[in-house]
Amino acid sequence: MTVNEVSKLTGVSARTLQYYDKIGLLHPAQYTETGYRLYDDAALEKLQQILLFRELEFPLKDIKAIMDNPNFDRGKALEQQIVLLTLKKEHLENLIVLARGIKAMGVNKMDFTAFDTRKIDEYAAQAKAMWGKTPEYLEFEEKNRNRTAQETQAVSTQMMSIFTEFGAMLGLAPDSGKAQAQVKKLQDFITGNFYHCSDEILYSLGKMYAGGGDFTENIDKAGGKGTAEFVFRAIKIYCKNS
């Protein structure tokens, strides 16, 4: 199929297809003698994968890093995309319910929970880390490669004990010296046992901790209800002051 035929079939402009070729994201199957791009079924299948990532608002550089990964598993990636699309669908349905409620009854209650995308962000970050092969993920793989099951469990237990200690501080302000020292302890533990934890990464982790998913549930289980949110508030202050 020519560029124009692919464009008509997929709705992707010819200029976009040419740009994808230029940046190495999607090459055509072959070129004609006059330089026209031709696409086969394999190229169209790859384009489908790219468009699914684009629907999930992945930047092109992240999509390229993911799909260039030699360990890229199309089936596994598709499973992740289904989860993310389902989360996005639920998010849109919540917004529709909110908008209908406002239309019917007016703004009687300032409820912003429908705008919360932290669960989507959390899962997307996990998918990018898995496929993107960031320096941090590569470092994590290297440190984790030779650990026994017992050692892995010990590290996990130590990590959760840090959150248990955070839970004992719930009566304190997140900017207290004790809470801020605990954030530093958490950051140093992650750097020592997983990957270099910069302030930027620490802040992103804090968002995931309070994002309402498994992270929040496990942290609150270790330290008591509200611990994950307290940790995130303490991290925000720590990163701001660093």
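Residues numbered from 1 in each chain as written. Predicted model: local features only at pLDDT ≥ 70, side-chain atom pairs only at ≥ 80, totals over all residues. Heavy atoms only, no water.

1. Some words on the overall build of the protein chain
Secondary structure summary: the protein chain contains twelve helices and two strands in total. Traced from its N-terminal end to its C-terminal end, the protein chain shows the element sequence α-α-β-β-α-α-α-α-α-α-α-α-α-α. Taking all 242 residues of the protein chain together, 34% fall into the buried category. By element, 55% of the accessible surface of the protein chain is carried by carbon and sulfur atoms, the whole surface being about 14600 Å². (Helix = DSSP H or I, 4+ residues; strand = E, 2+ residues; numbered from the N terminus. Buried < 20%, exposed > 50% of the residue type's maximum accessible area, 1.4 Å probe, protein only. Areas by Shrake-Rupley, 256 points an atom, 1.4 Å probe, with all protein chains shown as cover.)

2. Focus on helix H11 (residues 214-223)
Restricting attention to buried positions, one finds in H11 the residues Thr-216, Ile-219 and Gly-223. Viewed end-on, H11 has its buried residues packed into an arc of 75°, placing them on one side of the element. When the buried face of H11 is taken as reference, the exposed residues oriented beyond 90 degrees from it are Asp-214, Glu-217 and Lys-221. Against the buried residues of H11 lie helix H8 (149-167), helix H10 (199-209) and helix H12 (227-241). Residue Gly-224 follows H11 closely and has a positive phi angle near 105°. (Arc of directions from axis to C-beta. Contact = heavy atoms within 4.5 Å.)

3. A look at the nonpolar core
Counting residues in hydrophobic clusters, the biggest one holds 27 residues, and the most contacted among them are Leu-186, Ile-190 and Tyr-209. Elements with a minimum of two residues in this core: H8, helix H9 (177-193), H10 and H12. The element that contributes the greatest number of residues to this core is H12, accounting for seven residues. If sequence neighbours within four positions are ignored, Tyr-209 has contacts with Met-159, Phe-163, Leu-186, Ile-190, Phe-215, Thr-216, Ile-219, Ala-228, Val-231 and Ile-235. With 21 residues, the next largest nonpolar core counts Tyr-20, Leu-47, Ala-77 and Leu-84 among its residues. (Core = buried A, V, L, I, M, F, W, Y, C linked by side-chain atoms within 4.5 Å.)

4. Let's talk about the packing of aromatic side chains
Ring pairs (aromatic) are described by centroid distance and by the angle formed between their planes. Summed over all chains, the structure comprises six aromatic pairs. For the ring pair Phe-53 and Phe-58, a centre distance of 5.2 Å and an interplane angle of 40° mean the geometry is tilted. Between Phe-189 and Phe-194, the ring centres sit 6.2 Å apart and the planes meet at 65°, which makes this aromatic pair edge-to-face. You'll find Phe-189 and Phe-194 in the same group, each marked buried. An aromatic cluster is built from Phe-163, Phe-166, Tyr-209 and Phe-230, whose rings are joined through pairwise contacts. (Phe/Tyr/Trp six-rings, centres within 6.5 Å; stacked < 30°, edge-to-face > 60°.)

5. Topic: the pattern of salt bridges
What the rule picks out here adds up to six salt bridges. Taking the shortest distance from any N to any O, the salt bridge between Asp-68 and Lys-64 comes out at 2.6 Å. Within this pair, Asp-68 and its partner Lys-64 are both found in helix H4 (residues 60-68), separated by four residues, close to a single helical turn. Overall, the relative accessible area of 42% leaves Asp-68 in the partly exposed class. With relative accessibility at 26%, the residue Lys-64 sits in the partly exposed group. For Lys-184, the salt bridge is made with Asp-188, and the minimal N-O distance between the two is 2.8 Å. One end of the pair is Lys-184 and the other is Asp-188, both in helix H9 and four residues apart, which spans about a single turn. Take Asp-188: its relative accessible area is 41%, and that puts it in the partly exposed class. (Salt bridge = Lys/Arg side-chain N within 4 Å of Asp/Glu carboxyl O.)

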